[in-house]
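Here is how the chains run, residue by residue.
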Amino acid sequence: MTLVIALSAVTANAQWYLGGSVGVASIKNGNADAETVYKFVPDFGYTINDDWTVGVAVGYQKGACNLINGSFGQDTKTELLQINPYARYTVVKSKLVNVFLDGTVGLGSYKDVGTEFQLGLKPGLAVNLNDKLSFVAHIGFVGFDSFSPKADGVDNSNKIGVDLNGNNLLFGLYYNF
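Nothing here was measured: the structure is a model prediction, and the numbers come from that model.

A. Representation of the overall build of the chain within the structure. A count of helical and extended segments in the chain gives one helix and 10 strands. Ordering the α and β elements of the chain from the N terminus gives α-β-β-β-β-β-β-β-β-β-β. Sorting the 177 residues of the chain into buried and exposed places 38% on the buried side. A fraction of 57% describes how many contacts in the chain between residues 6 or more apart in sequence connect residues 24 or more apart. Carbon and sulfur atoms make up 63% of the accessible area of the chain, which totals about 10,100 Å².

Put into structure tokens, the structure is as follows:
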């Protein structure tokens, strides 16, 4: 009986949301020409309470391969499929604007190029247009990023740090049920 009451209290304020983001960027790897990248990232999740949300973003990217270093000599025009489960903590909450941090684990596969793994934080901002609709922006990435190429004789690339460039800027809309 206590478990039922506890679950009812936790889920009383909970709600589902559905949305997604789109992004466009220009990536330049080494001496190669800059390439335009298009990204589409549908997203759905569950708001547990005023502070915590869990969700998953499943993304598709077409264009350049976002390599960690410029030493990779393969054609980088490719497609990326990725999955990013996350736990979101709302740092600042107001009637109009929420500031949040997504703790995420990202897995991605570049078609015929390699795989990518990310572990870190993605800061963001949500503008509440009304009770049901929010405009959301993700701004950058802080954490660990690893790229494993499929090519023979090419080493993995790793980085740890803050990445706040335009390649990590996504805008989206969320609908709260």
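Still more ground to cover, so stick around.
B. Geometry of the confidence of the model for the chain. For the chain, per-residue confidence averages 82 on the pLDDT scale, and 81% of positions sit at 70 or higher. Per-element mean pLDDT across the chain ranges from 45 in helix H1 (residues 2-11) up to 94 in strand S5 (residues 97-110). Within the model, pLDDT remains below 50 along residues 1-11, and this stretch shows two contacts once partners closer than five positions in the same chain are excluded. In this model residues 70-74 is a low-confidence stretch, pLDDT under 50, and it forms 10 contacts with partners more than four residues away in sequence or in other chains.

C. Summary view of the environment of His138. Along the chain, His138 falls in strand S7 (residues 133-139). As a C-alpha pair, His138 and Phe171 span 33 residues in sequence and 6.7 Å in three-dimensional space.

D. The arrangement of the packing of aromatic side chains in detail. Counted according to the given criterion, the structure contains seven aromatic pairs. On the numbers, 5.7 Å between centres and 70 degrees between planes, the contact of Tyr110 with Phe147 is edge-to-face. In this pair, Tyr110 is assigned in strand S5 and Phe147 in strand S8 (residues 141-149), connecting sequence segments 37 residues apart. Taking the ring centre of Phe100 as reference, the NZ or CZ of Arg88 above it sits at 4.0 Å.

E. The pairing of S7, seen in detail. For strand S6 (residues 114-128) and S7, the ladder comprises five bridges, and the chain directions are antiparallel. Note on S7: the bridge partner recorded for Leu125 is Ala137. In textbook terms, the turn of a hairpin is the stretch between consecutive antiparallel strands, and for S6 and S7 this stretch comprises four residues. Here S7 pairs with strand S10 (residues 169-176) via seven bridges, running antiparallel. In the strand pairing of S10, Val136 is matched with Gly172.

Reading the values: rules and limits
Each chain has its residues counted from 1, running along the sequence as written. Given that the model is predicted, a residue must reach a pLDDT of at least 70 before its local features are reported, and side-chain atom pairs must reach 80 or more before they are shown or counted; all residues, however, enter totals for whole chains, interfaces and linings. Calculation of side-chain values draws on the structure's entire complement of heavy atoms; hydrogens and water are dropped beforehand. Here a strand is any run of E in DSSP of at least two residues, a helix any run of H or I of at least four, and the numbering for each starts at the N terminus. Whether a residue is buried, partly exposed or exposed follows from its accessible area with a 1.4 Å probe, protein chains only, as a fraction of its type maximum: under 20%, in between, or over 50%, in that order. Contacts were defined at the residue level, with two residues in contact if any of their heavy atoms lie within 4.5 Å. Surface accessibility in these figures is a Shrake-Rupley result with a 1.4 Å probe; residues are shielded only by whichever protein chains are displayed. A residue's pLDDT is the confidence the predictor assigns to it, expressed on a 0 to 100 scale. Note on aromatic contacts: the rings of Phe and Tyr and the six-membered ring of Trp form a pair at centre separations within 6.5 Å, being stacked when their planes are under 30 degrees apart, edge-to-face when over 60 apart, and tilted otherwise. Remark: a charge is flagged as sitting over a ring if the NZ atom of Lys or the CZ atom of Arg is within 6 Å of the ring centre and within 35 degrees of the ring normal. Strand pairing follows a simple DSSP-based rule, namely that at least 2 bridges must link the two strands.

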